[in-house]
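Chain and residue survey
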Amino acid sequence: MSICRLATKGIGSLFTKEIASPTKLSFRTTYIVERVIPPPVSRFNAKRPRILKARNFIYKTVEDTDLTDPPDLHVVLTSYVEGIGDVGDVISADPYYAREHLLLPRKADYATPENIEKYANMRKSRSERAKYSSIQAGMLVKVLSKSTFPVFMNHQKPWTIEKKHIHVAFRVEGFFVPEDAIELPSTPIEGPDLEKESTDFAVYVTINNREKVPVRCRLFHVKPGFETAKLSDELYLDKCEPILPEQKELLESMPMPEILDDISASVSLVEKYRIKYLN
């Protein structure tokens, strides 16, 4: 059974001149097909091969590369990449992410034996940086310190903010933080109190039992059923008055809040782009 490998290219490229760009990668779609009716075998010592008929040019698709994911690409990092690794780390990642964000900006090179040996020597002499408990911990500290987490409390029934309320606030924003990793202010925050509406307080989150980062929380009184209502950006971007006077200096020293469409996506690069560490 004969198998033909065909390559197709956009018809538009026949009429337009392609311009080479360092950020534009060539793209080619490959189809693997086979004949439905195999061609007849020519006789031994025949003067000419048998002429193929129309039925011999009917093909069926064996594989369409557009429908299959390309294999992960192995690269070795040539510089420090926040949230991924440092010089000499060998990783495998989604090929599109590896080319666009690592190879083209020259943050990585192909993981050939020569490159692995070359950057392994640089790895031994690389400068010491702030050591975190994991590769993603540094980015997580940065994201949490610039985020504002709304805490929704009942506007009628008495309450005191507990760890479970902060745990739920993180879950709503896409983070799972166990209650034993949350440290509340020493002064209890009680309500309902409309004077505390849209005011800030800080809690501490411990990452991997090592990094301890202060996180800004903002108190809102809402009716039951409206806890997940989307608030306007102004309620996040502006710094508000602190609930506790002893936290005023801490809150003023923290970075200004930033609005991110998906703050959890900026942390989970490893899961999003199938990054695996090979050394």
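For clarity, every value in this text was computed on a predicted model and none was experimentally measured.

**Considering the sheet that holds strand 12 (residues 211-222)**
Reading across the sheet, the 4 strands line up as 7-12-11-9 and stay open at both edges, with mixed pairing between neighbours. This sheet does not close on itself; its edge strands, each paired only once, are strand 7 (148-154) and strand 9 (182-183). With 8 bridges connecting them, strand 11 (residues 200-207) and strand 12 associate as antiparallel partners. Across the sheet, residue Y204 finds its bridge partner in strand 12, namely P214. Contacts between helix 3 (residues 137-145) and the sheet are confined to strand 7, strand 11 and strand 12, with strand 12 contributing the most and set at about 35° to the helix. On the sheet, helix 4 (residues 163-172) packs against strand 7, strand 9, strand 11 and strand 12 and is oriented at approximately 125° with respect to strand 7.

**Section: the nonpolar core**
Judged by nonpolar contacts, the single largest core of 29 residues is most densely connected at L144, I161, I166, F170, F175, F201 and V215. If you list the elements that add at least two residues to this core, you get helix 3, strand 7, helix 4, strand 11 and strand 12. The contact partners of I166, leaving out residues within four places of it in the chain, are V151, I161, I182, L184, F201, V203 and C217.

**Remarks on the side chain of Q247**
By secondary structure assignment, the location of Q247 is in the loop between helix 5 (234-237) and helix 6 (248-253). A polar contact is formed between the side chain of Q247 and the backbone nitrogen of A202, at a distance of 2.8 Å.

**Digging into the confidence of the model for the protein**
Detailed conclusions should not be drawn from predicted coordinates in areas where pLDDT is low. Averaged over all residues, the pLDDT of the protein is 78; the fraction at 70 or higher stands at 73%. A low-confidence stretch, residues 1-23 (pLDDT under 50), is modelled with 29 contacts involving residues beyond four sequence positions or located in other chains. Contacts of residues 262-267 to residues separated by more than four positions or lying in other chains number 15 contacts, the stretch itself having pLDDT below 50.

**Describing a nonpolar patch on the surface**
On the surface, a nonpolar cluster with roughly 230 Å² of combined accessible area is contributed by V36, I37 and I58. Within the secondary structure layout, I37 lies in the loop between strand 2 (29-35) and strand 3 (59-64).

**Brief notes about helix 1 (residues 95-103)**
Here helix 1 has its buried residues at P95, Y97, A98, L102 and L103. Projected down its long axis, helix 1 shows its buried positions confined to an angular sector of 155°, all on one face. Structurally, the start of helix 1 carries an N-cap: the backbone nitrogen of Y96 is 3.1 Å from a side-chain oxygen of D94.

**Regarding the packing of aromatic side chains**
Scanning the model with the defined rule gives 3 aromatic pairs in all. A centroid spacing of 4.3 Å and a plane angle of 40° characterise the contact between F149 and F170, whose relative ring orientation is tilted. Note that F149 is positioned in strand 7 and F170 in helix 4, a separation of 21 residues in sequence. The exposure class of F170 is buried, given its relative accessible area of 0%. Residue F149 is classed as buried on the basis of its relative accessible area of 0%. An aromatic cluster is present here, built from F149, F170 and F175 joined pairwise through their rings. In this arrangement the basic side chain of R35 is found over the ring face of F57, its NZ or CZ atom lying 5.8 Å from the centre.

Definitions and cut-offs
- Within each chain, residue numbers correspond to sequence positions counted from 1 in written order.
- Local features are withheld for residues below a pLDDT of 70 in this predicted model, meaning they are given only at 70 or higher, and side-chain atom pairs are given and counted only at 80 or more; totals for whole chains, interfaces and linings count all residues.
- The side-chain numbers reported here are obtained from all heavy atoms of the structure, hydrogens and water having been left aside.
- The rule for pairing is simple: two strands pair if DSSP sees at least two bridges between them.
- Starting at the N terminus, helices and strands are each numbered in turn, a helix being any DSSP run of H or I of at least four residues and a strand any DSSP run of E of at least two.
- Residue contacts are defined here by distance: any two heavy atoms, one from each residue, within 4.5 Å place the two residues in contact.
- Think of each axis as a best-fit line through the C-alpha atoms, taken over the contacting stretch in the case of a helix, with angles from 0 to 180 degrees between the N-to-C directions.
- By convention a nonpolar core is built from buried Ala, Val, Leu, Ile, Met, Phe, Trp, Tyr and Cys residues, the set being connected through side-chain atoms within 4.5 Å.
- Each residue gets one of three labels from its accessible area relative to the maximum for its type: buried under 20%, exposed over 50%, partly exposed in between, using a 1.4 Å probe on protein chains only.
- Pairs of N or O atoms within 3.5 Å make up the polar contacts considered here, provided that, within protein, one atom can donate a hydrogen while the other can accept it, and that residues adjacent in sequence are counted only when both atoms are side-chain atoms.
- A residue's pLDDT is the confidence the predictor assigns to it, expressed on a 0 to 100 scale.
- Patches here are clusters of residues that have more than 30% relative accessible area and form no salt bridge, with a 9 Å joining cutoff for like charges and a 5 Å cutoff for nonpolar side chains (Val, Leu, Ile, Met, Phe, Trp, Tyr).
- Areas reported here follow the Shrake-Rupley algorithm with a probe of radius 1.4 Å; residue values treat only the protein chains shown as occluding.
- Whenever Lys or Arg places a side-chain nitrogen within 4 Å of a carboxyl oxygen from Asp or Glu, that contact is recorded as a salt bridge.
- The directions from the helix axis to the C-beta atoms are what the arc is built from.
- Stacked, tilted and edge-to-face pairs are distinguished by plane angle, under 30 degrees for stacked and over 60 for edge-to-face with tilted covering the rest, among Phe, Tyr and Trp rings (Trp via its six-membered ring) whose centres lie within 6.5 Å.
- In our convention, an over-ring charge means Lys NZ or Arg CZ found within 6 Å of a ring centre and within 35 degrees of that ring's normal.

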